[in-house]
Amino acid sequence: MALSHVNDPDLGRSLIELGMIENIAIDGKKVSFDLVLTTPACPMKKKMSEDCTNAIHELVDREAEVVINLTSRQVEQPDPHDLVPGVKNVIVVASGKGGVGKSTVAANLAVALAKTGASVGLIDADIYGPSVPIMFNVSQEDVYGVEVDGKTYMAPIERYGIKLMSIGFLVDPDKALAWRGPMASNALKQLCTETYWGEIDYLVVDMPPGTGDVQLTLAHTLPVTGAIIVSTPQQVALADVVRGVELFQNPGMEIPVLGFVENMSYFTPAELPDHKYYIFGKEGCKRLAEQMNVPLLGEIPLVQCIAESGDNGHPVALMSDEERPESKAFLAMAQNTIREICKINNK
């Protein structure tokens with residue numbers, strides 16, 4: 001079969017072997033089939049479609065009419081008692097320490113994933129410092145209940161096509177949360193399991209910094225697909241990245257690390273767009289990623305517009321490349337993330 005010669009570009013295995021070709025039909029010179037993706041936003045779907053068409057033309061008939069139906073299937077989660085039905089992939093965005101721009105990365109990742117055509121949700125699990133209400137300009141929104149199958153859930157707030165849930169929607173923003181660990185953990189469980197997410201491809205979870213109760217709670221509450229760890233290039237921040245990797249690889253968690261994101265990677269002045277100044281060090285995350293055999297998903301520049309866009313409630317990833325070249329970095333990060341998730345789901 002011609003299609004047995006077509007491989008997944010990332011996995012290096014035949015699409016037939018991976019079970020990604022279904023419902024083949026031949027009618028004269030017309031050949032049609034389903035190409036089943038692990039996610040509808042797979043960044044390699046165009047290449048795989050072209051490779052399938054080329055294989056049929058080269059090995060079967062150059063005049064064949066090839067019709068490919070791109071589809072996807074929900075990946076079964078390992079936990080049969082999944083508490084978030086309809087959610088296909090859960091991505092946690094974490095950091096070993098605060099101040100590295102984790103929430104900015106999480107917000108723009110969600111936006112960039114949605115721009116690929118995927119359905120996306122975002123949980124603000126940073127219980128003590130929720131930022132999603134500000135970064136999406138929804139601070140004044142109220143959460144309402146919705147009844148599904150006789151049970152009342154919280155309805156997420158939608159903005160820019162993304163479903164949002166944050167503790168910031170439920171508490172007074174001007175008062176500090178003086179909660180001990182168990183209280184914070186219980187609040188996180190409610191955000192995750194008592195919100196009606198519907199059918200979504202990716203649920204991005206903005207974690208609080210560190211390696212404490214909330215992180216452990218999340219690991220035992222959600223069927224996490226993988227974790228992204230955010231850091232700056234500084235050595236002091238990278239030391240915490242190592243601890244973050246160890247946390248997720250702990251036998252009690254065993255969460256795959258999708259990769260690292262280096263934030264504030266370099267500074268490029270607007271008047272000197274071809275210049276890069278490595279204020280916090282150069283390629284620290286890249287070297288650590290190579291040492292730990294972990295992918296480097298993206299390098300995000302240190303530019304004023306990224307911070308301002310978050311403060312204004314309009315994440316920079318919403319803008320086109322022409323409006324803001326910095327949005328390219330977040331789109332590339334999202335595409336790399338999707339690629340790593342495809343690898344995990346195909347194992």
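Our structure is the block above this text.
Not measured: the values here are computed from a predicted model.

## Considerations on the overall build of the protein
- Summing up its helical and strand segments, the protein has nine helices and 13 strands in all.
- Within the protein, the proportion of its 347 residues that are buried is 50%.
- When contacts within the protein are restricted to residue pairs at least 6 apart in sequence, those whose partners lie at least 24 apart make up 71%.
- Of the roughly 16500 Å² that the protein leaves accessible, carbon and sulfur atoms contribute 48%.

## Some remarks on helix α8 (residues 304-311)
- Restricting attention to buried positions, one finds in α8 the residues Cys-305, Ile-306, Ser-309 and Gly-310. Take α8 and look down its axis: the buried residues cluster within an arc of 135°, on one side only. For α8, exposure combined with an orientation more than 90 degrees from the buried face picks out Gln-304 and Asp-311.
- The first or second residue beyond α8 is Gly-313, which carries a positive phi of 75°.

## Quick word on the pairing of strand β5 (residues 120-124)
- Counting buried positions along β5 yields five of five residues, so the element is predominantly enclosed.
- Where burial is concerned, the two faces of β5 agree: the one with Val-120, Leu-122 and Asp-124 and the one with Gly-121 and Ile-123 are both buried.
- Pairing geometry for β5 and strand β10 (residues 200-206), over five bridges, is parallel. Its bridge partner being in β10, Ile-123 is matched across the sheet by Val-205.

## Focus on the packing of aromatic side chains
- Tallied over the full model, the rule gives three aromatic pairs.
- Consider the rings of Phe-136 and Tyr-160, whose centres lie 6.1 Å apart with planes at 40°: the pair is tilted. Linking Phe-136 in the loop between α3 (132-135) and β6 (144-148) with Tyr-160 in the loop between β8 (157-159) and β9 (162-166), this pair joins segments that are 24 residues apart in sequence.
- On the basis of relative accessibility, which here comes to 29%, the residue Tyr-160 falls in the partly exposed class.
- A centroid spacing of 6.2 Å and a plane angle of 65° characterise the contact between Tyr-266 and Tyr-278, whose relative ring orientation is edge-to-face. Of this pair, Tyr-266 sits in the loop between β12 (257-262) and α7 (284-292) while Tyr-278 sits in the loop between β12 and α7, placing them twelve residues apart in sequence.

## Overview of the environment of Val-87
- Tracing the sequence through the fold places Val-87 in strand β4 (residues 87-94).
- Each C-alpha atom, one on Val-87 and one on Ser-119, is 9.7 Å from the other, the two residues being 32 residues apart in sequence.

## A closer look at the sheet that holds β9
- Strands sit in the order β8-β9-β5-β10-β4-β11-β12-β13 across an open sheet of eight strands; the sheet is mixed. At either end of the open sheet lies a strand with only one pairing partner, and these are β8 and β13 (296-299). With strand direction ignored, the average angle separating the axes of adjacent strands in the sheet is 25°.
- Of the pairings in the sheet, the one linking β4 to β10 comprises six bridges and is parallel in character.

## As for the pairing of strand β7 (residues 151-155)
- In the sheet, β6 pairs with β7 via five bridges, with the strands oriented antiparallel. Looking at β7, one finds that Gly-145 is bridged to Met-154.
- In this structure, the hairpin formed by β6 and β7 is closed by a connection of two residues, where Asp-149 is found at a positive phi of approximately 55°.

## Notes on the environment of Leu-164
- When you line up the elements, Leu-164 lands in strand β9.
- Residue Leu-164 is classed as buried on the basis of its relative accessible area of 0%.
- Spatially, the C-alpha atom of Leu-164 lies 9.0 Å from that of Val-120, the residues being 44 residues apart in sequence.
- Those residues within four positions of Leu-164 in sequence are excluded, and the remaining contacts are Leu-122, Val-132, Phe-136, Val-138, Pro-156, Ile-157, Arg-159 and Phe-169.

## Concerning the pattern of salt bridges
- Applying the stated criterion across every chain yields a total of six salt bridges.
- Between Lys-102 and Asp-206 there is a salt bridge whose closest N-O contact spans 2.7 Å. Of the two residues, Lys-102 is situated in helix α2 (residues 102-115) and Asp-206 in strand β10; the sequence distance between them amounts to 104 residues.
- With a relative accessible area of 1%, Asp-206 lands in the buried category.
- Between Lys-343 and Glu-340 there is a salt bridge, and its shortest N-O distance comes to 3.3 Å. Residue Lys-343 and its partner Glu-340 are located together in helix α9 (residues 327-345), separated by three residues, close to a single helical turn.

## Quick notes on the environment of Gln-190
- Within the secondary structure layout, Gln-190 lies in helix α4 (residues 181-193).
- For Gln-190, a relative accessible area of 41% puts it in the partly exposed group.
- In this structure, the C-alpha to C-alpha distance between Gln-190 and Thr-221, residues 31 residues apart in sequence, is 10.0 Å.
- In this structure, Gln-190 is in contact with Met-154 and Thr-195, ignoring residues within four places of it in sequence.

Each value, and the rule that gives it
- Residues numbered from 1 in each chain as written.
- Predicted model: local features only at pLDDT ≥ 70, side-chain atom pairs only at ≥ 80, totals over all residues.
- Heavy atoms only, no water.
- Helix = DSSP H or I, 4+ residues; strand = E, 2+ residues; numbered from the N terminus.
- Buried < 20%, exposed > 50% of the residue type's maximum accessible area, 1.4 Å probe, protein only.
- Contact = heavy atoms within 4.5 Å.
- Areas by Shrake-Rupley, 256 points an atom, 1.4 Å probe, with all protein chains shown as cover.
- Arc of directions from axis to C-beta.
- Pairing = 2+ DSSP bridges.
- Phe/Tyr/Trp six-rings, centres within 6.5 Å; stacked < 30°, edge-to-face > 60°.
- Axes fitted to C-alpha atoms, helices over the stretch in contact; angles between N-to-C directions.
- Salt bridge = Lys/Arg side-chain N within 4 Å of Asp/Glu carboxyl O.

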